[in-house]
Amino acid sequence: MSQSPAPSSSVLAAFGAAGTPVPLPGGQGSAWRAGALVLKPAAMEPETAWRAGVLHHLPEAPGFRVARPVPATDGSWAAHGWEAWRLVGGSTDPHRADEVIRAGEAFHTALAHLPRPRFLHVRDTPWSRADRLAWQETEQAPDFPLLKPLLAERGTVDAPAQVVHGDLLGNVLFEPGRPPAIIDWPPYWRPAAYASAVVAVDALCWYEADPALLERWSHLPDWRQLLIRALIFRIAAHATLGGATEDDYRPFVDLVLDAG
C-alpha cells in the first residue's frame, strides 16, 4: 500500500511536533512519526474526538497499554484534518494471536460501560459496510460466491454488544516487560468476543495459525456465529477493495462452518 502525503508544517506546528516526519510501516500507509508523536489523517472528526476523549480518560490497567492522544495547541483533538498520538514502544507479532486476544479482552472489559457512539451509523467505509453485512444490517453483498454459504449460516447471537476494537491482530504491540499496547482503534458496536473472532480469522487466513486456535477459544459465547460473521466481514471488505480470490478463503470457510 502506498504511503500517504506527509503532514504539512502547519500540522506539525498545530501539535507541537518536532523533527522531520518519517513514514511508519503497516496499517493503511497513512501514519507518520515526528519526534515522540504519531500523526495520522483524521478520516472522520467526530470519531477522532470520541476515541481521543475515551483514551485520554481511560485508567491504566495491568492487562494492556494504550497510545494516548495529544491535543492540538487550541485544545481540540484534530487540526488541519490530522490527529496525533504519543508514540508507544513495541512491535506487532501476528503469530501471537492468543496474547492479542487476551489483551483485547482486558481492553474491552475496561470499555464495557461506554454507550454506543453516535457516529457509527453514518460511517461509510468498505469495512463498515462489510461489518453491517456480517450483522444483517444490510444485504448488499459483493458478488463473491464463498459469501453465500456463510450468509446462509448466520443465526442468533445472544451476547450483548459493546464498543470493541475491530482490528486487533496487527494493532497490538509487544515490548519485553510491559503489557501489550493497543493502537489504531477502529470502534465497532458488537459483542466483545466478536473482536476475538476477527483476530482468530485473521491469524488463520493470513498468518498460518494452527486451526487449534479456534478450539482454544471455543468457550467464548456464540463462538461459531461470531467466527462466521468475522469471516463475512473480512471477505466482504477484501472483495470490495479488490484482490480477493476464492482460493484465499475456501479452506477457512470450510473450517469455520465446521466449527462447533
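Report on the accompanying structure. (Residues numbered from 1 in each chain as written. Predicted model: local features only at pLDDT ≥ 70, side-chain atom pairs only at ≥ 80, totals over all residues. Heavy atoms only, no water.)

**Considerations on the pattern of salt bridges**
A side chain of one charge can pair with a side chain of the opposite charge if their charged atoms are brought near each other. Here the structure, examined in full by the defined rule, presents 17 salt bridges. Ionic pairing is found between Asp 124 and Arg 129, a salt bridge with its closest N-O pair at 2.7 Å. Among the charged side chains, a network of salt bridges with common partners joins Glu 47, Arg 51, Glu 83 and Arg 123. (Salt bridge = Lys/Arg side-chain N within 4 Å of Asp/Glu carboxyl O.)

**Details of the sheet that holds strand β10 (residues 181–182)**
With mixed pairing, four strands are arranged side by side in an open sheet as β4-β10-β9-β7. The sheet is open, and its two borders are formed by β4 (65–66) and β7 (91–92), each paired with just one other strand. Bridge count for β4 against β10 is two bridges, and the pairing is parallel. Paired with Val 66 across the strands is Ile 182, a residue of β10. Most of the contacts of helix α3 (residues 97–111) go to strand β9 (residues 172–174), to which it runs at about 115°, and overall it touches β4, β9 and β10. (Pairing = 2+ DSSP bridges. Helix = DSSP H or I, 4+ residues; strand = E, 2+ residues; numbered from the N terminus. Contact = heavy atoms within 4.5 Å. Axes fitted to C-alpha atoms, helices over the stretch in contact; angles between N-to-C directions.)

**Thoughts on helix α6 (residues 192–207)**
Between its first and last C-alpha, α6 extends 22 Å over 16 residues, near the 22 Å set by a 1.5 Å rise per residue. α6 sits mainly inside the fold: 13 of its 16 residues count as buried. Two residues or fewer after α6 comes Glu 208, characterised by a positive phi angle close to 55°. (Expected span 1.5 Å × (residues − 1). Buried < 20%, exposed > 50% of the residue type's maximum accessible area, 1.4 Å probe, protein only.)

**Here's the deal with the side chain of Glu 83**
Locating Glu 83 in the fold gives a position in strand β6 (residues 82–86). Classification of Glu 83 by relative accessible area gives buried; the value is 3%. Of the polar contacts made by the side chain of Glu 83, one reaches the side chain of Thr 48; its length is 2.7 Å. With near-sequence residues (within four places) excluded, Glu 83 lies in contact with Phe 15, Val 38, Leu 39, Lys 40, Pro 41, Ala 42, Thr 48, Arg 51 and Trp 77. (Polar contact = N/O pair within 3.5 Å; in protein donor to acceptor, adjacent residues only side chain to side chain.)

**Some details on the packing of α6 against helix α8 (residues 223–241)**
Where α6 meets α8, the closest approach of the two axes is 8 Å, and the angle between their N-to-C directions is 60°. When the axis of α6 is compared with that of α8, the two are oblique. When you trace α6 past α8, the crossing you get is right-handed. For the pair formed by α6 and α8, the contact residues are Ala 193, Tyr 194, Ser 196, Ala 197, Val 198, Ala 200, Val 201, Asp 202, Cys 205 and Trp 206 on the first element and Trp 223, Leu 226, Leu 227, Arg 229, Ala 230, Leu 231, Phe 233 and Arg 234 on the second. Looking at the contact of α6 with α8 residue by residue, the classes come out as 14 nonpolar, one polar and three charged. (Parallel < 35°, antiparallel > 145°, perpendicular 65-115°, else oblique. Left-handed = near helix turned anticlockwise from the far one by under 90°. Nonpolar A, V, L, I, M, F, W, Y, C, P; charged D, E, K, R; others polar.)

**Focus: the nonpolar core**
Side chains of nonpolar character tend, in soluble globular proteins, to be buried together. Counting 75 residues, the largest nonpolar core has Phe 107, Leu 227, Leu 231 and Tyr 249 as its most contacted members. Residues in contact with Tyr 249, not counting those within four places in the same chain, are Phe 144, Leu 146, Cys 205, Trp 206, Leu 231, Arg 234, Ile 235, His 238 and Ala 244. Judged by nonpolar contacts, the second largest core, of 14 residues, contains Leu 12, Phe 15, Ala 17 and Ala 72. (Core = buried A, V, L, I, M, F, W, Y, C linked by side-chain atoms within 4.5 Å.)

**Quick word on the pairing of β6**
The buried fraction of β6 amounts to four of the five residues, a majority that puts the element mostly inside the structure. As judged from the five bridges shared by strand β3 (residues 37–41) and β6, these two strands associate in the antiparallel manner. Paired with Pro 41 across the bridge in β6 is Trp 82. Relative to β6, strand β5 (residues 69–70) runs antiparallel, the two being bridged by two bridges. Bridged to Pro 69 within β6 is Trp 85.

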